[in-house]
Amino acid sequence: MRMYDIIDKKKYKKKLSDEEISFVVEGYTKGSIPDYQMAAFLMAVWCNGMDEEETLSLTMAMAHSGDMLDLSMIPGTKVDKHSTGGVGDKTTLSVGPIIASLGIPMAKMSGRGLGHTGGTIDKLDSIPGFSSDISDERFIEIVKTVGFCDAAQTKDLAPADKKIYALRDVTATVDDYSLIASSIMSKKIASGADAILLDVKCGNGAFMQDRESALKLAECMMNIGKLAGRKVNCMITDMNEPLGKTVGNSIEVIEAIDLLKYGFDSHKVDKRYSDIVLYVCRELVLMSDVFKDEKYNDMTEEERMNEAEILVRGAVDSGRALEKMKEFIAAEGGDSNVVNDESLLPEAEFKYEVTFDRDGFLEGVDTKEVGMASLILGAGRLKKEDDIDPAAGIRLLKHLGDEVKRGETFAYLYTNKKESIEEAKQRLLKAYRVSKESNSTKNVIIDILRQQ
Ligand code: URA
């Protein structure tokens, strides 16, 4: 087989075989196919697309390019969740302990933040002592004993995706459905869970800008899941404003803990955030073994959904989920006292109040810009190798649709870099559009798609 012939075939919109796709992935990962040929191949795929079979071949070749985690020694259906990324998305931090406290094993590998998007591992690493860098054996042991583990993706997990993604990033070939779907699904399949819930973010802070493209990506990933023998369901959720009240790392950990502490309906908890956590948990319960017993056979779908919601609410209201959060933090080496005492988490030296300069109603926000303002304060990274400041970030006091008055506090900026405050403030204020009249706000849950 020659790489030249494979590129030529894709250039003329011909279908590639499983062997040809494996040849490309293996060759590029090992270094026998150079960047220039792979770049030409990716552009041919971007222009001419891949069908379902080709996309599955690509996914499986990337998944098998490194370690495949075997979770079979953990009894029952192992669940996982994944978000396609956004601003202020700390959902996993609340969901993991809730799900584990219901006796459902959740085995999750997460990534770090890049550009305007945050990463769960950065948020967890802000907890003193916490280490997300753990061996596969320890990962399995924690899922077995605690019920939830969240570890950083190792370099041996789908290494082909890592190399190909870096090349896509500099050759304008990131935004292709088959390439995105196979990239996400290769990592999920290699991570070993049986049932995966994908939260496909949609809006101006996300990869997918509108509902149609989010649905197309969701369907593509569900199809890969089905062909690969994994249960995959999807939620499409709104990312036309940051999720919750905080954007950063330690401040997002506090917000996630607060949900477990005060409950879904507390005025101290952001409604859009609690809605997402509730729905993600409900869907994970439905995908788990909870209703597997024969006695549930007669239950309607609606009854199952109601029952699942009761279980999820019960886990939080009883305090079991909060206890599980402590257990999970301690298992990964962190100081579990942060759950009772937030002052143990990194705190920024400078806190700056941002007031609004106009009267009106918040009509729209450039969510990416809020992520970038947080990055400027130190909470994010432009390049993979950049350091982040766990204490930096933004607390937002207003949502879209809310009334704002000139001179009223609208956000707090946290940073250890005093010189970053002015730029972050200007970018934050510029990101918001204000109108004279109140507009209706969007529901955070847009669609739920379940595999038949
Ligand atoms: N996230 C991934 O892991 N891969 C992509 O291609 C896009 C988003």
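Everything discussed here concerns the structure shown above.
Residues numbered from 1 in each chain as written. Predicted model: local features only at pLDDT ≥ 70, side-chain atom pairs only at ≥ 80, totals over all residues. Heavy atoms only, no water.

K.L.:
Can you lay out empty space enclosed by the protein for me, pointing to particular residues and giving the numbers?
P.N.:
Take a probe with the size of a water molecule and roll it over the atoms, and the empty space left behind shows itself. For the coordinates displayed, the defined rule picks out three cavities of 30 Å³ or more. Considered as a void within the structure, the largest cavity measures approximately 140 Å³ in volume. Along the wall of the largest cavity there are 21 residues; nearest its centre are Thr-117, Gly-118, Ser-374, Ala-379 and Gly-380. Elements supplying a minimum of two residues to the lining of the largest cavity: helix 6 (120–124), strand 6 (246–248) and helix 15 (367–377). Class assignment for the residues of the lining of the largest cavity results in five nonpolar, 12 polar and four charged. For the second largest cavity, the calculated volume is near 50 Å³. Where the lining of the second largest cavity is concerned, the elements lending two or more residues are helix 3 (35–48), helix 4 (52–63), helix 8 (159–170) and helix 9 (177–190). Class assignment for the residues of the lining of the second largest cavity results in seven nonpolar, two polar and two charged. (1 Å grid on protein atoms, 1.4 Å probe; cavity = no way out; pocket = protein on both sides within 12 Å on 5 of 7 lines; lining within 4 Å. Points joined across faces, edges and corners; volume = space filled by probe spheres on them. Helix = DSSP H or I, 4+ residues; strand = E, 2+ residues; numbered from the N terminus. Nonpolar A, V, L, I, M, F, W, Y, C, P; charged D, E, K, R; others polar.)

K.L.:
Mind laying out the site of the ligand, listing which residues take part and the relevant values?
P.N.:
For the ligand, the full set of nearby residues is Tyr-165, Arg-168, Ile-180, Ser-183, Ile-184, Lys-187 and Phe-207. Arg-168 is positioned such that a nitrogen or oxygen atom in its side chain is 2.9 Å from an oxygen atom of the ligand. Between the ligand and the protein, one listed contact pairs an oxygen atom with a side-chain N or O atom of Lys-187 at 2.4 Å. Burial of the ligand by the protein chains amounts to 88% of its free accessible area of 240 Å². The cavity that encloses the ligand is the largest pocket. Residues that form the shell around the ligand fall into these classes: four nonpolar, one polar and two charged. (Near = heavy atom within 4 Å. Polar contact = N/O pair within 3.5 Å; in protein donor to acceptor, adjacent residues only side chain to side chain. Areas by Shrake-Rupley, 256 points an atom, 1.4 Å probe, with all protein chains shown as cover. Sits in = over half its atoms within 2 Å of the grid points.)

K.L.:
How would you summarise the sheet that holds strand 10 (residues 403–404) if you had to cite specific residues and measurements?
P.N.:
Spatial ordering of the open sheet is given by 10-8-12, a layout of three strands whose pairing is antiparallel. Where the open sheet ends on each side, the last strands, each with one partner, are strand 10 and strand 12 (432–435). Here strand 8 (residues 360–365) pairs with strand 10 via two bridges, running antiparallel. When the bridges of strand 10 are listed, Gly-360 appears paired with Val-404. (Pairing = 2+ DSSP bridges.)

K.L.:
Now, about the pattern of salt bridges: what can you tell me, with residues and values included?
P.N.:
Evaluation of the coordinates by the stated rule reveals 37 salt bridges. With a closest N to O distance of 3.1 Å, Glu-283 and Arg-282 form a salt bridge. Given a relative accessible area of 10%, Arg-282 falls into the buried group. In this structure, Glu-403 and Lys-405 form a salt bridge, with 3.0 Å as the shortest nitrogen-oxygen distance. Among the charged side chains, a salt-bridge network with shared partners connects Lys-90, Lys-123, Glu-252 and Glu-255. (Salt bridge = Lys/Arg side-chain N within 4 Å of Asp/Glu carboxyl O. Buried < 20%, exposed > 50% of the residue type's maximum accessible area, 1.4 Å probe, protein only.)

K.L.:
Report on the nonpolar core, specifying residues and quantitative values.
P.N.:
The tendency in soluble globular proteins is for nonpolar side chains to be buried as a group. If you look at the biggest cluster of nonpolar residues, it comprises 91 residues, and the most contacted ones within it are Ile-98, Phe-139, Leu-428 and Tyr-432. It is helix 12 (residues 271–287) that contributes the most residues to this core, nine residues altogether. Once residues within four sequence positions are removed from consideration, Leu-428 is found in contact with Val-354, Val-370, Ala-373, Ile-394, Leu-396, Phe-410, Ala-411 and Leu-413. (Core = buried A, V, L, I, M, F, W, Y, C linked by side-chain atoms within 4.5 Å. Contact = heavy atoms within 4.5 Å.)

K.L.:
How would you summarise the sheet that holds strand 11 (residues 409–415) if you had to cite specific residues and measurements?
P.N.:
Pairing in this open sheet of four strands is antiparallel, and the strands run 6-9-11-7 from one edge to the other. Of all the strands in the sheet, just strand 6 and strand 7 (350–355) have a single pairing partner and so form its edges. Across the sheet, the mean angle from the axis of one strand to that of its neighbour is 15 degrees, orientation sign disregarded. Two strands pair when backbone bridges link them, and strand 6 and strand 9 (residues 393–396) are joined in this way by three bridges, in the antiparallel orientation. Within strand 9, the position partnered with Val-247 by the bridge is Ile-394. Lying on the sheet, helix 15 is in contact with strand 6, strand 9 and strand 11; it crosses strand 9 at an angle near 135 degrees. Contacts from helix 16 (residues 421–431) reach strand 7, strand 9 and strand 11, with the element oriented near 145 degrees to strand 11. (Axes fitted to C-alpha atoms, helices over the stretch in contact; angles between N-to-C directions.)

K.L.:
Can you lay out the layout of surface pockets for me, pointing to particular residues and giving the numbers?
P.N.:
For the largest pocket, the calculated volume is near 1,400 Å³. Forming the walls of the largest pocket are 44 residues, and the residues nearest its centre are Gly-111, Arg-112, Leu-114, Thr-117 and Lys-187. Only strand 1 (79–83), helix 5 (91–101), strand 2 (106–110), helix 6, helix 8 and helix 9 provide two or more residues apiece to the lining of the largest pocket. Top contributing element to the lining of the largest pocket by residue count: helix 8, with five residues. Reported here for the second largest pocket is a volume of approximately 370 Å³. Together, 24 residues line the second largest pocket, and Ile-251, Ile-254, Glu-342, Arg-395 and Tyr-414 are the ones closest to its centre. Contributing elements (two or more residues each) for the lining of the second largest pocket: helix 11 (250–262) and strand 9. If one sorts the elements of the lining of the second largest pocket by residue count, helix 11 sits on top with six residues. Residues that form the lining of the second largest pocket fall into these classes: 12 nonpolar, three polar and nine charged.

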